[in-house]
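Descriptive analysis of the structure
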Amino acid sequence: MNSCFVTLAILFVWRVEEMAEACSCSPAHPQQAFCSSDVVIRAKVVGEEEVDAGNDIYGNPIKRIKYDIKQIKMFKGPTQDIDAIYTAPSSAVCGVTLETNGKKEYLITGKLEADGTMHVTLCDFIEPWEDMSATQKKSLTQRYETGCDCKITRCTSIPCMINSPTECLWTDWVIEKVYNGEQAKHFACIKRNDDSCAWYRGSAPPKKDFLDIEDP
């Protein structure tokens, strides 16, 4: 009986550790990804290699995937160009898989480490450039930054509501059952003259006192 209990306990601990290692991310609107990231770039991936990244607390080697990239444009980040990004070796620990033939362009968001290297995970917003809408591309330089003081609240079920005038309610999931819906593709949550926040659609600069929804 005791040995059976010990076996079950070991299996339970193993299962908990396995679950803890699984990658889990909350969906983010592209504007949220832009505002929360240290670096936002457009780039091509031209190479890949596995590299050592020190040891864990048990002395085991830590592996990382290093992607060599050719930066096309930086929308947010340091003064120097980024020539490589680092990620975990598997999706189970939030590692990212990218095409390395140098043909596909990506929008890549990520964190800048103290040593100046850029690290990315599955929780970052990484999208093929060709799959992005015209509004999303334009907002990288003209729109998202103006709304970084606003809060985008994700609505997962009805009813849902905002608690502050500085919030925008993101309803793509309850309306379209996808997170990359109309609001993600075509809207930005930006601050108005009275310091409240509202959804704005279009690539043209907003009027002095714009409506909550305005066609381009």
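The rules behind these values
- Residues numbered from 1 in each chain as written.
- Predicted model: local features only at pLDDT ≥ 70, side-chain atom pairs only at ≥ 80, totals over all residues.
- Heavy atoms only, no water.
- Helix = DSSP H or I, 4+ residues; strand = E, 2+ residues; numbered from the N terminus.
- Contact = heavy atoms within 4.5 Å.
- Areas by Shrake-Rupley, 256 points an atom, 1.4 Å probe, with all protein chains shown as cover.
- Core = buried A, V, L, I, M, F, W, Y, C linked by side-chain atoms within 4.5 Å.
- Buried < 20%, exposed > 50% of the residue type's maximum accessible area, 1.4 Å probe, protein only.
- Disulfide = S-S within 2.5 Å.
- UniProt positions renumbered as here; feature names shortened; annotations may be inferred.
- 1 Å grid on protein atoms, 1.4 Å probe; cavity = no way out; pocket = protein on both sides within 12 Å on 5 of 7 lines; lining within 4 Å.
- Points joined across faces, edges and corners; volume = space filled by probe spheres on them.
- Nonpolar A, V, L, I, M, F, W, Y, C, P; charged D, E, K, R; others polar.
- Phe/Tyr/Trp six-rings, centres within 6.5 Å; stacked < 30°, edge-to-face > 60°.
- Lys NZ or Arg CZ within 6 Å of the ring centre and 35° of its normal.

**Things to note about the overall build of the protein**
- Counting its regular elements, the protein contains five helices and ten strands.
- Across the protein, contacts joining residues at least 24 apart in sequence account for 54% of those joining residues at least 6 apart.
- Accessible area of the protein: about 13000 Å², with a carbon and sulfur share of 52%.

**Quick word on the nonpolar core**
- Counting 16 residues, the largest nonpolar core has Ile41, Ile69, Ile85, Leu98, Ile108 and Met118 as its most contacted members.
- The set of elements that each furnish at least two residues to this core consists of β1 (39-55), β2 (61-76) and β4 (105-112).
- Examining the composition of this core, we find that four residues originate from one element, β1, more than from any other.

**A few points about the environment of Lys151**
- Among the structural elements, Lys151 can be located in strand β7 (residues 151-154).
- Along the primary structure Lys151 and Gln32 are separated by 119 residues, whereas in three dimensions their C-alpha atoms are 8.2 Å apart.
- Not counting the four nearest positions on each side in its chain, Lys151 is found in contact with Thr166, Glu167, Cys168 and Cys189.

**A closer look at the state of the cysteines**
- In total, this model carries six disulfides according to the counting rule given.
- Disulfide partner of Cys150: Cys197, at an S-S distance of 2.0 Å. With the S-S bond torsion at -85°, the cross-link from Cys150 to Cys197 turns out left-handed. Highlighted residues: Cys150 in the loop between α3 (134-142) and β7 and Cys197 in strand β10 (residues 197-201), separated in sequence by 47 residues. Here Cys150 and Cys197 have matching classes, each one buried.
- Cysteine pairing in the protein follows 1-4, 2-5, 3-6, 7-12, 8-9, 10-11, where each cysteine in a disulfide is numbered by its order in the sequence.

**Let's talk about the UniProt feature "binding site: Zn(2+)" (unreviewed entry) in the protein**
- Following the UniProt record, one finds the feature "binding site: Zn(2+)" (unreviewed entry) at Cys23.
- Among the secondary structure elements, Cys23 is positioned in the loop between α1 (2-21) and α2 (30-36).
- Apart from the residues lying within four places of it in its own chain, the contact partners of Cys23 are Ser91, Ala92, Val93, Cys94, Leu122 and Cys123.

**What about empty space enclosed by the protein?**
- Evaluation of the coordinates by the stated rule reveals one cavity of 30 Å³ or more.
- In this structure, the largest cavity encloses a volume near 40 Å³.
- Counting only elements with at least two residues in the lining of the largest cavity, the list comes to α2 and β4.
- Counting residues per element, the lining of the largest cavity draws most heavily on α2, at three residues.
- Counted by class, the lining of the largest cavity contains nine nonpolar, one polar and no charged residues.

**Regarding the environment of Pro78**
- Note on placement: Pro78 falls in the loop between β2 and β3 (84-87).
- Owing to a relative accessible area of 17%, Pro78 belongs among the buried residues under this scheme.
- Once residues within four sequence positions are removed from consideration, Pro78 is found in contact with Val39 and Leu112.

**Quick notes on the packing of aromatic side chains**
- Enumeration according to the criterion identifies five aromatic pairs in this entry.
- A ring pair is formed by Phe34 and Tyr144, whose centres lie 6.1 Å apart and whose planes are at 50°; its orientation type is tilted. Of this pair, Phe34 sits in helix α2 while Tyr144 sits in the loop between α3 and β7, and the two are 110 residues apart along the sequence.
- Ring geometry for Phe187 against Trp199: centres 6.4 Å apart, planes inclined by 80°, an arrangement best described as edge-to-face. A residue pair is termed long-range when its members are at least 10 positions apart, and Phe187 in strand β9 (residues 187-191) and Trp199 in strand β10 qualify at twelve residues. For the residue pair Phe187 and Trp199, the accessibility class agrees, reading buried in each case.
- A connected cluster of aromatic rings, assembled from ring pairs, spans Trp170, Trp173 and Tyr179.
- A cation over a ring is seen here: Lys76 above Phe34, with NZ or CZ 5.3 Å from the ring centre.

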